[in-house]
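# Fold and contact review
Chain by chain, the residues:
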Amino acid sequence: LGDVRVDWSVFSAVTQGVYGESHELIRQMTTTPFFGNLGTRPDIEVPTAWTPMDEGGIAPPEHKGLAYISNGQAHIWRWCRACSEEDVGTHGVVYWRRTHQLPGIFVCTRHGTPLLEVNMPYRVRQPHLYLPDSLPEAPVAKAACPPETDLPLAQALAEFAVNALE
């Protein structure tokens, strides 16, 4: 489900622009600005050139799905327990935070605690759009950074990544 190709203009039309125009959605809801500001996106199989959009953002490759453009590595997903608890209290549901998916983010910039990480290969995540509190039992969550990691240094790297996104 998360790997289905995304056509932002169709999404915007179907939702009658309630969530904004396609270039606004790309800028606000994906990691595209992060990679655009760095000038590239990691792509193991086929290097992909990114072209600037007229609106000042970066257009994602059309052949990529939501999991790819929401995350630098579609098989690795990270979340913060404290953020998850806040999400349930505020929204009634836990969701993936875009900043937790950026490369270089191993601690939560809000709470300063190590993120949890799960590796979900395509065949695991394909049949369902999993959220942090509904993960299948097969992928085992682990700390995104080892306990001996210098947390202030990891926090500084995470803040750099968030600044690159913004």
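Relevant structure appears above.
Worth saying up front: this structure is predicted, and the values here are computed from it rather than measured.

What counts and what doesn't
- Residues numbered from 1 in each chain as written.
- Predicted model: local features only at pLDDT ≥ 70, side-chain atom pairs only at ≥ 80, totals over all residues.
- Heavy atoms only, no water.
- Pairing = 2+ DSSP bridges.
- Helix = DSSP H or I, 4+ residues; strand = E, 2+ residues; numbered from the N terminus.
- Contact = heavy atoms within 4.5 Å.
- Salt bridge = Lys/Arg side-chain N within 4 Å of Asp/Glu carboxyl O.
- Buried < 20%, exposed > 50% of the residue type's maximum accessible area, 1.4 Å probe, protein only.
- Arc of directions from axis to C-beta.
- Core = buried A, V, L, I, M, F, W, Y, C linked by side-chain atoms within 4.5 Å.

## Side note on the pairing of strand β4 (residues 116–119)
Here 4 bridges tie strand β3 (residues 76–79) to β4, and the two strands are oriented antiparallel to one another. Along β4, the bridge assignment pairs Trp-79 with Leu-116. Bridge count between β4 and strand β5 (residues 142–143): 2 bridges; the pairing is antiparallel. When the sheet's bridge partners are listed, Leu-116 is paired in β5 with Ala-143.

## Some words on the side chain of Asp-87
With respect to the helices and strands, Asp-87 occurs in helix α5 (residues 81–91). Other than its neighbours up to four places away in sequence, Asp-87 contacts Gly-92, Val-93, Val-94, Tyr-95 and Arg-97.

## What to know about the pattern of salt bridges
Enumeration over the complete set of coordinates arrives at 4 salt bridges. Ionic pairing is found between Asp-87 and Arg-97, a salt bridge with its closest N-O pair at 2.4 Å. Residue Asp-87 is located in helix α5, and its partner Arg-97 is located in the loop between α5 and β4; the two are separated by 10 residues in the primary sequence. Note that Lys-142 and Glu-117 form a salt bridge whose closest N and O atoms lie 3.3 Å from each other. Highlighted residues: Lys-142 in strand β5 and Glu-117 in strand β4, separated in sequence by 25 residues. If you follow the salt bridges from partner to partner, you end up with Arg-78, Glu-117 and Lys-142 in one network.

## A short note on α5
All of the buried residues along α5 are Cys-83, Ser-84 and Asp-87. Looking straight down α5, one finds that the buried residues subtend no more than 100 degrees of arc, so they occupy a single side. The outward face of α5, more than 90 degrees from its buried face, is lined by the exposed residues Arg-81, Glu-85 and Gly-89. On its buried side, α5 packs onto β3.

## Examining unusual backbone geometry
A positive phi angle, close to 55 degrees, is found at Gln-16, a residue other than glycine. Under the relative-accessibility criterion, Gln-16 is labelled exposed at 72%.

## A look at the sheet that holds β3
If you walk across this open sheet you meet the 3 strands as β3-β4-β5, and the pairing is antiparallel. The two strands at the open ends of the sheet, each matched to only one other strand, are β3 and β5.

## What about the nonpolar core?
Counting residues in hydrophobic clusters, the biggest one holds 17 residues, and the most contacted among them are Phe-34, Leu-102, Ile-105 and Leu-115. Contributions of two or more residues to this core are made by α3 (32–38) and α7 (151–165). With 6 residues, the top contributor of residues to this core is α7. Setting aside residues no more than four positions away along its own chain, Ile-105 makes contact with Arg-78, Thr-99, His-100, Leu-115, Ala-158, Ala-161 and Val-162. With 8 residues, the next largest nonpolar core counts Trp-96, Leu-116, Met-120 and Val-124 among its residues.

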